Amino acid sequence: MTDRIYNFGAGPAVLPEPVLQEAQRDLFSLPGVGMSILEISHRSKTFDEIIQGCEVDIRQLAGISSDYEILFLQGGASLQFSMVPMNFLPSGRKADYLVTGSWSKKALKEAKKLGTAQVAATTEADNFNRVPAQSELKLDPAAAYLHFTSNETIHGVEFKTEPPSGSVPLVCDASSDVFSHPIDVSRYSLIYAGAQKNLGPSGVTLVILRKDLLGKVPENLPTMLDYKVQAENKSLYNTPSVFGVYIMRLVMKWALGQGGLEAIGKQNAVKAKLLYDALDASGGYYRPHARPDSRSNMNVTFRLPSEDLEKKFVSKAKSAKLDGLKGHRSVGGIRASLYNAFPKSGVEALVSFMKDFAAKSA
Ligand code: PMP
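Since the model is a prediction, treat every value here as computed from it, not as a measurement.

*Asks:* For this particular structure, what's the right way to read the overall build of the protein chain?
*Replies:* Within the protein chain, the secondary structure is distributed over nine helices and 14 strands. Against the compact-globule benchmark of 21 Å for 362 residues, the protein chain has a radius of gyration of 21 Å, which places it among compact chains. Its C-alpha atoms give the protein chain principal-axis dimensions of about 65 × 55 × 30 Å. Looking at the protein chain residue by residue over its 362 residues, the buried ones come to 54%. Surface summary for the protein chain: the accessible area is close to 16,000 Å², and the carbon and sulfur share equals 53%. One way to put it: in the protein chain the 42 positive side-chain charges average out to a point 4 Å from where the 37 negative ones average out.

*Asks:* Explain the site of the ligand here, please?
*Replies:* Looking at the ligand, there are 13 residues lining it, with Ser 78, Thr 153, Asp 173, Gln 196 and Lys 197 nearest. Within the side chain of Thr 153, an N or O atom sits 2.4 Å from an oxygen atom of the ligand. Separating an oxygen atom of the ligand from a side-chain N or O atom of Gln 196 is a distance of 3.0 Å. The protein chains hide 85% of the 400 Å² of surface that the ligand would expose on its own. By residue number, the principal contributor to the shell around the ligand is helix 3 (residues 76-88), which donates four residues. When grouped by side-chain class, the residues that make up the shell around the ligand number three nonpolar, eight polar and two charged.

About the thresholds
Residues numbered from 1 in each chain as written. Predicted model: local features only at pLDDT ≥ 70, side-chain atom pairs only at ≥ 80, totals over all residues. Heavy atoms only, no water. Helix = DSSP H or I, 4+ residues; strand = E, 2+ residues; numbered from the N terminus. Rg over C-alpha atoms; globule rule 2.2 N^0.38 Å. Buried < 20%, exposed > 50% of the residue type's maximum accessible area, 1.4 Å probe, protein only. Areas by Shrake-Rupley, 256 points an atom, 1.4 Å probe, with all protein chains shown as cover. Lys, Arg positive; Asp, Glu negative; His and termini not counted. Charge placed at Lys NZ, Arg CZ, Asp CG, Glu CD. Near = heavy atom within 4 Å. Polar contact = N/O pair within 3.5 Å; in protein donor to acceptor, adjacent residues only side chain to side chain. Nonpolar A, V, L, I, M, F, W, Y, C, P; charged D, E, K, R; others polar.

No statement about biological role is implied by the geometric values presented.
Structure (structure tokens):
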């Protein structure tokens, strides 16, 4: 492992080293199979065991009952922006959206193309530096669903509790904080997440969907965009991302081995606190973007005194083997992504680099 560096990238992102090692060992030939995972049929017994095993591990990890379907789809979280309203926003109904950053804004934009989607709260006036307080939510009790983005990857703001949706089905884009802490799935009707942050490689999207919702899916949707078809076919209507599901299975096993979501949540809180404490103790040199009550444990976003210094910071950090720290092109600044597989030693290395950088440039 001598030539691996610390990868703070927002996604595709760092994966657990034991997962990469196992995948590397098995890439040429899966034990007992004599073919690579890249070469086997998605209808083979071997893959059947992998996808079913992955589902079992996901259910165990997050305590998901048989009231829910677990789907492995393609098209990324971005396709879910469209599939959710296509399946669950009939004409004559409205859907509520909480707009807390770039990703929820995109989800809303797609929903508006397909039906009546309304903003139930937005923090855009505050440059998306926080999630809304419950008192700010203008929820429609007759809404077809309430959509929110549990963690805004670009702005670095995260909901600490679910918005109270009452009897309105709760739909969540959890792409960048899925399985980063314990979750009560029974509060949700649908959770979706692109895999490439906490779950595996890009190319597979996890969808956790309450089965009773499938009765609401309209007839005659394009086949691939119909959750009912995907559920009836156990995500095998067409060829799924075989490799993506295989890696996800290994990541889920690793997550269970870490002690599950309780233990992972604690590790993530410790890592994030190390970095936020360093920002807060910098005497204003480093300015965190998110308000303390909305700070993301996954994506820590901050500014330096000038854009020139930010450029220098990113480039010097890269030379110090701390990569992927440049903020998203739409907001600038610095972003350190600390997903489940990101080690605490990497946060310590960044904090030490930051102290040194601030001292030298002061
Ligand atoms: N939602 C969130 C919160 C994201 O972070 C991302 C990607 N970074 C997306 C949606 C879009 O995901 P994808 O690229 O898988 O379509």
